[in-house]
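Below, each chain spelled out in residue letters.
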Amino acid sequence: MGAQMGCGDDVTVGNVPVRSYRKILIWPLCWKSHVVDGADAASTICQSPLPGLEAADGPWQEIADPLKHLEVSGSHEGGYNRDEYAEFVYFHPFIQRFLYPSLQNTDRAENSDMVAGAAPVRPASSVRPMRIYRRDDVNLLKLRFGEGEAAFRRELAVERLRFYTFSGDVGLFVMELADKPRRFDGSEQPVMGYNDMLRINAAIRHCYAPYYDVRGQAGGLAESMIFAADDRLVSCGMTSSFSAVNSLKKSRARQPEILPCLKELLPALHDDFDWHHIVDDRMPSMTMVTVDDPARISEGDFQRLALHETSIGDPRSPYGPHTTAQLMENGELDLHWVPESGRKTRYAFLPTGMAMLTAPDYFGTVILPVHFRRHYFQMGLIAHMQHATLLSLSDELTASLADVAGREREARADAHAILNRVLRFTHLYWFPEISNQLQPRLMFDMWQKSLGVQRLYETVMREAKEASDFLSRIEERQIAENSDRLNKVAGIGVAVGVATGILGTNVFGGADDLGKLESWKLLSWFIGGAALIVWLLICIDRKGPGKLKAPVYILILAGFCALMALVGDDMLWKLAKSLGWWG
């Protein structure tokens, strides 16, 4: 790893022609309801948050057979082409079951794309950990950098628009772009140079403006991005600085506004839901570039491709030598980089995305494009799905524990629910490896490491368990405190029972004498004794005078009752007369 180019650092590559450029954007998103409570919340739960995926006449339609997630190209054999077969057997059986679940009716599935009006075939299991939706009405992206006659313009073909949904509220929007030699109108496009490719590569990965310059223009983006279906406009528009700032001030969730040209491509959401970002403005991506001789590309310019940096006419590394050396050492795969023997393909797996540089030989023009669009894409899909889901779970865990005071029971329920989701994620979506073959094992391992998936998984699992245990201990302490309070309430009940028993006996003499006692005096006897008991219990609860505990007080009360029994009715009668309570 850390392979060195053969050209040296003094070679510039601005005019090196790019024979092929292909980019797959994998944009993680989640949808959340902004309805807090009330009848609206109940109605929202009953409705699909993504009606744009459920509409029969909408632009997004579900792919019945996940094995056919791409347009069929090539000869058919039994309904599946050889590329689909090669992709399927590339992975472990448990990965196959996740990516390509079995179908209810294989015969119908094989012929469903050839029979007009055939009903879509659904996977046999009712539990579907992943669903795929496609949109086919967009096939063109028009880019413009700069103004006037000096502007740089380029048309890219939109070869794939997909939306993947998983368990929970996380989805992946996938868009594949490819450079073509001809424009839509049939005219030829000039051959794109390496520096122009770097400019496009850095600009099209932003889902919102990273910053605005002093003129109020969005930085790092093309001046114009237009998506079209042949010659029909589908979506366009960039976010102005005024709109971007207002979106932070006025939006409920306080998050940057998605570029209008991209937001119009997303599935429609229910009115009570909003799109939420999981990562920042830089959408994760996969990039494949073909040049005549990759050995002519300097180390610094290859790093610019992998790091999505534009060229400044300097072939050296875009960052400090120690930083870039460490990044490339941990993220570069030179499995097919042996220039002296004609093998000139380099891979890089960095936090900014996956990049691949190759030559226009048989391997680079026939084998790699298929693998890039199929095998490698599925690896990237799994890695980014894991990363996005774990980030979403971590965010939910933080939000649920932000204010625990006064809502311990609800917070504990939230923590347990998130822990259950983490466990469900482990059983459905956690794959430490995907294949026995050397290349996919190395690639997937580097992909996960570049995203920090393993570290994030361990952190979320530990935090969810610790939060659940901490809130459980709080609940246990509350139960113990409630038990202590119940003991004290029981003490009051005992006191009241004893007082009632005393008042029910002939304490003050015979029946004739009892009638002489005025009712208010009898009531004051009872209330005074009950008030004294309550006062003592309050002192005990607050650790007041004597710091007595409830069991000690019960013993004192029992001793007092025993003394009354020993003294007898006559003594109590005399005591009452001496105090003037008897007329």
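Q: Can you tell me about the overall build of the protein chain, naming the residues and giving the values?
A: Helices and strands together make up the secondary structure of the protein chain, namely 17 helices and 19 strands. Taking contacts inside the protein chain between residues at least 6 apart in sequence as the whole, the part at least 24 apart equals 70%. Of the accessible surface of the protein chain, which amounts to about 29,200 Å², a share of 56% is contributed by carbon and sulfur atoms.

Q: How would you explain unusual backbone geometry if you had to name every residue and give the values?
A: A positive phi angle is found at His 308, which is not glycine, with a value near 60°. In this structure, His 308 sits in the loop between α9 (299–307) and α10 (321–331).

Q: How would you explain the side chain of Arg 134 if you had to name every residue and give the values?
A: On the secondary structure map, Arg 134 appears in strand β5 (residues 130–135). Looking at Arg 134, its side chain comes within polar contact range of the side chain of Asp 136, at 3.1 Å. Every residue in contact with Arg 134, bar those within four places of it in the chain, is listed here: Pro 59, Trp 60, Gln 61, Ile 63, Lys 68, Glu 71, Leu 161 and Arg 162.

Q: Describe the environment of Ser 243, with residues and values.
A: Turning to its location among the elements, Ser 243 is positioned in helix α7 (residues 241–250). Looking at Ser 243, the relative accessible area reads 24%, which means it is partly exposed. Considered as a pair, Ser 243 and Glu 257 are 14 residues apart in the sequence and their alpha carbons are 8.0 Å apart.

Q: Give a description of the pairing of strand β12 (residues 232–236) that names residues and reports values.
A: Regular strands show a simple pattern: their side chains alternate between the two faces of the sheet. Two elements, strand β11 (residues 224–229) and β12, share four bridges in a ladder whose sense is antiparallel. Looking at the pairing, Ile 226 lines up with Cys 236 of β12.

Q: Explain helix α13 (residues 438–451) residue by residue, including any values.
A: Between its terminal C-alpha atoms α13 stretches 20 Å, which fits the 20 Å expected from 14 residues at 1.5 Å a residue. When α13 is considered as a whole, its buried residues turn out to be Gln 439, Pro 440, Met 443, Phe 444, Met 446, Trp 447, Gln 448, Ser 450 and Leu 451. In the stretch just after α13, Gly 452 is the one whose phi turns positive, near 70°.

Q: Explain the packing of helix α3 (residues 82–89) against helix α11 (residues 362–400) to me, using residue names and the numbers behind them.
A: Helix-helix packing is characterised by the crossing angle of the two axes and by the distance between the axes. Contact geometry of α3 with α11 gives a least axis separation of 10 Å together with a crossing angle of 30°. Between α3 and α11, the crossing angle belongs to the class labelled roughly parallel. In the packing of α3 onto α11, the handedness of the crossing is right-handed. Every residue of α11 that contacts α3 at Asp 83, Glu 84, Ala 86 and Glu 87 is listed here: Val 370, Arg 374, His 375 and Gln 378. Taken together, the residues of the contact of α3 with α11 break down into two nonpolar, two polar and four charged.

Q: Break down the nonpolar core for me, with residues and values.
A: If you look at the biggest cluster of nonpolar residues, it comprises 61 residues, and the most contacted ones within it are Met 175, Phe 227 and Leu 262. A total of six residues in this core trace back to one element, the largest contributor, which is strand β1 (residues 18–33). Among residues more than four places away in sequence, those in contact with Leu 262 are Trp 27, Met 175, His 206, Cys 207, Phe 227 and Met 283.

Q: Explain the packing of aromatic side chains residue by residue, including any values.
A: What characterises a pair of aromatic rings is the spacing of the ring centres plus the angle enclosed by the ring planes. A full pass over the atoms with the stated rule returns 20 aromatic pairs. Ring geometry for Trp 430 and Tyr 457: centres 4.3 Å apart, planes at 10°, overall stacked. Taken together, the residues span a long stretch of sequence, with Trp 430 in the loop between α12 (408–429) and α13 and Tyr 457 in helix α14 (residues 453–503) at a distance of 27 residues. You'll find Trp 430 and Tyr 457 in the same group, each marked buried. An aromatic cluster is present here, built from Phe 94, Phe 98, Phe 166, Phe 425, Tyr 429, Trp 430, Phe 431 and Tyr 457 joined pairwise through their rings.

Q: How would you sum up the packing of helix α6 (residues 194–203) against α9? Please name residues and give values.
A: Interhelical geometry of α6 versus α9 gives an angle of 25° and a closest axis separation of 9 Å. With respect to their mutual orientation, α6 and α9 come out roughly parallel. Here α6 runs over α9; the crossing is left-handed. Judged by residue contacts, Tyr 194, Met 197, Leu 198 and Asn 201 of α6 engage Asp 301, Phe 302, Arg 304 and Leu 305 from α9.

Q: So what about the side chain of Ser 392? Which residues, and what values?
A: Here Ser 392 lies in helix α11. Apart from residues no more than four positions distant in its own chain, Ser 392 is found in contact with Asp 169 and Val 170.

Q: How would you sum up the pattern of salt bridges? Please name residues and give values.
A: Close approach of charged atoms allows side chains of opposite charge to pair. Taken as a whole and judged by the stated rule, the model has 25 salt bridges. For Arg 135, the salt bridge identified is with Asp 137, shortest N-O distance 2.6 Å. Classification of Arg 135 as buried rests on a relative accessible area of 8%. Three or more residues joined by partner-sharing salt bridges are found here, namely Arg 22, Glu 159, Arg 160, Glu 176, Lys 180 and Arg 373.

Q: Break down the environment of His 69 for me, with residues and values.
A: You can see His 69 is positioned in the loop between β2 (60–62) and β3 (76–77). Taking relative accessible area as the criterion, His 69 reaches 0% and is therefore assigned buried. Separated by 15 residues in the primary sequence, His 69 and Glu 84 place their C-alpha atoms 9.3 Å from one another.

What counts, and where the lines are drawn
Residues numbered from 1 in each chain as written. Predicted model: local features only at pLDDT ≥ 70, side-chain atom pairs only at ≥ 80, totals over all residues. Heavy atoms only, no water. Helix = DSSP H or I, 4+ residues; strand = E, 2+ residues; numbered from the N terminus. Contact = heavy atoms within 4.5 Å. Areas by Shrake-Rupley, 256 points an atom, 1.4 Å probe, with all protein chains shown as cover. Polar contact = N/O pair within 3.5 Å; in protein donor to acceptor, adjacent residues only side chain to side chain. Buried < 20%, exposed > 50% of the residue type's maximum accessible area, 1.4 Å probe, protein only. Pairing = 2+ DSSP bridges. Expected span 1.5 Å × (residues − 1). Axes fitted to C-alpha atoms, helices over the stretch in contact; angles between N-to-C directions. Parallel < 35°, antiparallel > 145°, perpendicular 65-115°, else oblique. Left-handed = near helix turned anticlockwise from the far one by under 90°. Nonpolar A, V, L, I, M, F, W, Y, C, P; charged D, E, K, R; others polar. Core = buried A, V, L, I, M, F, W, Y, C linked by side-chain atoms within 4.5 Å. Phe/Tyr/Trp six-rings, centres within 6.5 Å; stacked < 30°, edge-to-face > 60°. Salt bridge = Lys/Arg side-chain N within 4 Å of Asp/Glu carboxyl O.

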